[in-house]
Amino acid sequence: MNTSYQQDMVFENSLHFAKSLDEKDTLKKFREKFYIPIVNEKECIYFTGNSLGLQPKTTQDFVLNELEDWANYGVEGHFHAKNPWVSYHEMFPDLLAEVVGALPEEIVVMNQLTVNLHLLMISFYRPTKKRFKIICEAKAFPSDQYAFQSQAALHGFKPEDAIIEVQPREGSSYIETQDILDAISQHGEETALVIFSGVNYYSGQVFNMQQICKAAHEVGANCGFDLAHAAGNVALELHDWNVDFACWCSYKYLNSGPGGVSGAFIHNRHHNNSNLLRLAGWWGHDKENRFKMGAEFKPIPTAEGWQLSNAPVLSMAAHLASLEIFAEAGMHNLVTKGKQLSAYLIYILEHINSSAKEKIIDIITPIHSEERGCQVSMLMLKDGKKIFEELIKAGVIADWREPNVIRVAPVPLYNSFEDVYQFGQIISKFIQ
Ligand SMILES: *Cc1c(COP(=O)(O)O)cnc(C)c1O
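Cut-offs used in this document
- Residues numbered from 1 in each chain as written.
- Predicted model: local features only at pLDDT ≥ 70, side-chain atom pairs only at ≥ 80, totals over all residues.
- Heavy atoms only, no water.
- Near = heavy atom within 4 Å.
- Polar contact = N/O pair within 3.5 Å; in protein donor to acceptor, adjacent residues only side chain to side chain.
- Nonpolar A, V, L, I, M, F, W, Y, C, P; charged D, E, K, R; others polar.
- Patch = residues over 30% accessible without salt bridge, like charges linked within 9 Å, V, L, I, M, F, W, Y side chains within 5 Å.
- Areas by Shrake-Rupley, 256 points an atom, 1.4 Å probe, with all protein chains shown as cover.
- Salt bridge = Lys/Arg side-chain N within 4 Å of Asp/Glu carboxyl O.
- Helix = DSSP H or I, 4+ residues; strand = E, 2+ residues; numbered from the N terminus.
- Pairing = 2+ DSSP bridges.
- Axes fitted to C-alpha atoms, helices over the stretch in contact; angles between N-to-C directions.
- Contact = heavy atoms within 4.5 Å.
- Core = buried A, V, L, I, M, F, W, Y, C linked by side-chain atoms within 4.5 Å.
- Buried < 20%, exposed > 50% of the residue type's maximum accessible area, 1.4 Å probe, protein only.
- Domains from an automatic or database assignment.
- Left-handed = near helix turned anticlockwise from the far one by under 90°.
- Phe/Tyr/Trp six-rings, centres within 6.5 Å; stacked < 30°, edge-to-face > 60°.
- Lys NZ or Arg CZ within 6 Å of the ring centre and 35° of its normal.

Asks: Mind showing me how you'd approach the site of the ligand here?
Replies: Every residue lining the ligand is accounted for by L113, T114, F141, D144, D226, A228, H229, Y251 and K252. Residue Y251 places a side-chain N or O atom 2.5 Å away from an oxygen atom belonging to the ligand. Residues belonging to the shell around the ligand are distributed by class as follows: four nonpolar, two polar and three charged.

Asks: Looking at this structure, I do not really get a nonpolar patch on the surface. What am I missing?
Replies: Judged by side-chain polarity, L64, L67, W70 and L314 come together as a nonpolar surface patch covering roughly 380 Å² of accessible area. Sorting elements by how many residues they give to the nonpolar patch places helix 2 (residues 59-73) first, with three residues.

Asks: Honestly, the sheet that holds strand 15 (residues 405-408) in this entry has me stumped. Any pointers?
Replies: Within a sheet, each strand pairs with its neighbour through backbone hydrogen bonds, oriented either parallel or antiparallel. Strand order in the open sheet made by the four strands is 11-12-15-14, with antiparallel pairing throughout. Strands at the two margins of the open sheet, each flanked by one partner only, are strand 11 (361-363) and strand 14 (399-401). Between one strand axis and the next, the sheet turns through 30° on average, direction left out of account. Of the strand pairs in this sheet, strand 11 and strand 12 (residues 376-380) are connected by three bridges, and their pairing is antiparallel. Bridged to D362 within strand 12 is L379. Strands in contact with helix 12 (residues 331-355) are strand 11, strand 12 and strand 15; relative to strand 11, the strand with the most contacts, it is inclined by about 145°.

Asks: Would you take a moment to explain the nonpolar core for this structure?
Replies: Nonpolar side chains in soluble globular proteins tend to end up buried together. In this structure, F225 and W248 are the most contacted members of the largest nonpolar core, which totals 73 residues. Ranked by the residues each element gives to this core, the list is headed by helix 11 (residues 313-329), at nine residues. Mapped onto the domain boundaries, this core takes at least three residues apiece from domain 1 (15-33 + 332-431) and domain 2 (62-327). Core analysis: the second largest hydrophobic core is formed by 38 residues, A356, I360, F388 and F423 among them.

Asks: How should I be thinking about the sheet that holds strand 9 (residues 245-248) in this particular structure?
Replies: What the seven strands build is an open sheet, ordered 4-10-9-8-7-5-6; its pairing is mixed. Since the sheet does not close on itself, it has two edges, and those belong to strand 4 (107-110) and strand 6 (163-166), each with one partner. Going across the sheet, the axis of each strand differs from the next one's by a mean of 20°, ignoring polarity. Summarising the sheet, strand 9 and strand 10 (residues 262-266) pair through four bridges and their orientation is antiparallel. The residue bridging W248 from the neighbouring strand is G263, located in strand 10.

Asks: When you look at the packing of helix 5 (residues 113-124) against helix 6 (residues 142-154) in this model, what are you seeing that I'm missing?
Replies: Two quantities define a packed helix pair, namely the angle between the axes and the distance from one axis to the other. Running from N to C, helix 5 and helix 6 cross one another at 30°; their axes reach a closest spacing of 10 Å. Two packed elements cross with a definite hand, and for helix 5 against helix 6 that hand is right-handed. Along the contact surface, helix 5 presents T114, L117, H118, M121 and I122, while helix 6 presents S143, D144, A147, F148, S150, Q151 and L154.

Asks: Hey, could you run me through the packing of aromatic side chains in this one?
Replies: Any pair of aromatic rings gets described here by the distance separating the centres and the angle formed by the planes. Enumeration according to the criterion identifies 17 aromatic pairs in this entry. On the numbers, 6.3 Å between centres and 75° between planes, the contact of F11 with F17 is edge-to-face. Each member of the pair, F11 together with F17, is buried. Taken together through their ring pairs, the aromatic side chains of F11, F17, Y344, Y347 and F417 make up a single cluster. Note that K57 overlies the ring of Y35, its terminal NZ or CZ placed 5.9 Å from the centroid.

Shown next, in the form of structure tokens:
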């Protein structure tokens, strides 16, 4: 039987079948480009690429290059390094354009994610007495909730008045698009900003960013997205969707190392708007005159105009190593394989459910292919914590979220269909 999550594939729960999918996989050689952690003397099943992506084998060389240039040149490295540090950040927009669906001039790599969220809200959350609400998803990532609350407070609003969370319907774990659109039109003229994640970190739901953005603009609000779990995972068309701003981190699907540098998108229709407030710093200032050290701020008329500080080159070197791999693999191929991996995982989990005495795993990620990336979140109906601990012992690295959710993300660059099959074998041992 071919159900909705399987797209055009008919799956089988067998090692032979999983191996045959790996044989046909045009991305299979990419696994060798990564260090897979060793657990119990063998490669683990690493299903937390949505939390911290694995290290590419090329990363050390990229970082070492910069350390060597620093040793050899000192301050002169700003101009004489192989990749001069003064313009180091300029290498990223071309590489990220395909990943987020934007023009290079709309992208800048800088800071960390929550910092960028705040900086962009300074520009795009400009509440007035009448128009002050922020519409967002219930259960947004905590850092985002804190950011929204503190931004509301910064402008003198009580978070409980300003922040409108759209909830899943009773008994569901993800949010209907229609309910988001209804909330936007209901709060209409009071809405200053609509901000969602691209992919909810908990449920793995992919939001319909295009429709959300259109609805926000129809009521005169700005629209932004936190793409922490979307960048490098799902197809994005930020420019064409007319998104006002977005930001993401580089250490989850983008494999650029713990605390890695973040990315930001600002639509080009805002670049020359001199009424748009921003927090300014010297790295956002007109490059021709930056070192004249004048007092008047003249922003670069691209997303670079939002930069504050000079670039963190060591962390960016790791980002560069990883993005070269993305360019080679192709975002479209990665999105396609990511959805196949999660479809296969859902198939196997449903197989386990149907052969157990009672249903053990409630899949809270939407099963429809447009509404998920590669993450699958499993609400464990029985013995959740025990099963999770057994998984760890058996060499699976997955993620536990209270009260009872195991999140797993087979990622297309280094996970295989065999990983998914073996995961199913391990988990079925603990379920009768
Ligand atoms: C991972 C994640 C963060 C983390 O923020 P940092 O500033 O990088 O520590 C924030 N928001 C979302 C939605 C995330 O998934």
